[in-house]
Amino acid sequence: MTTVTFLTEGKRIIGFDAKGHSGYASAGEDIVCAAITSAVRLTDATVNDVLGLAASVKVHEKSGSISFRLPGGLSAANESTCQSLLTALMLYFAQLHSEYPENIEVMEA
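Quick caveat: nothing in here was measured; it's all calculated off a predicted structure.

**Some points on the side chain of Asp30**
Line of reasoning, step 1. When you line up the elements, Asp30 lands in the loop between strand S2 (12–19) and helix H1 (31–50).
Line of reasoning, step 2. It is Arg41 that comes nearest to the buried, bridge-free Asp30 among opposite-charge side chains, at 14 Å.
Line of reasoning, step 3. Side-chain polar atoms of Asp30 contact the side chain of Ser22, separated by 2.6 Å.
Line of reasoning, step 4. Engagement of the side chain of Asp30 in a polar contact is seen with the backbone nitrogen of Tyr24, the distance being 3.2 Å.

And the structure:
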């Protein structure tokens, strides 16, 4: 199972950790894993490449985990955009959990 934990400070989402393999199917055929990976990559590309921010992204392929942290000191516009993006990601993962409850868990910490 993949566990995605969204990290918060007050009402602000500061990042997330995604750990584990979903176990829906074998490597290369796992649609749940592909959906999670695609959403994480889109978030990373939007924050770092499109907005030009310096979010920390650490990928650990052996353990199947990724950590994403927003930088501090964002402008009001970038903060708003990042919060919308991370809230949408959380919602998307919650919807995946509804469809595949044995393969993805979503939590807040």
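The structure having been displayed, the exposition proceeds.
**Overview of the pairing of strand S3 (residues 56–60)**
Line of reasoning, step 1. For S3 and strand S4 (residues 65–69), the ladder comprises five bridges, and the chain directions are antiparallel. The residue bridging Lys58 from the neighbouring strand is Ser67, located in S4.
Line of reasoning, step 2. Remark: four residues form the turn of the hairpin made by S3 and S4, two consecutive strands paired antiparallel; Gly64 in that turn has positive phi of roughly 70°.

Here is what the cut-offs are and how they apply
- Residues numbered from 1 in each chain as written.
- Predicted model: local features only at pLDDT ≥ 70, side-chain atom pairs only at ≥ 80, totals over all residues.
- Heavy atoms only, no water.
- Helix = DSSP H or I, 4+ residues; strand = E, 2+ residues; numbered from the N terminus.
- Buried < 20%, exposed > 50% of the residue type's maximum accessible area, 1.4 Å probe, protein only.
- Lys, Arg positive; Asp, Glu negative; His and termini not counted.
- Salt bridge = Lys/Arg side-chain N within 4 Å of Asp/Glu carboxyl O.
- Polar contact = N/O pair within 3.5 Å; in protein donor to acceptor, adjacent residues only side chain to side chain.
- Pairing = 2+ DSSP bridges.

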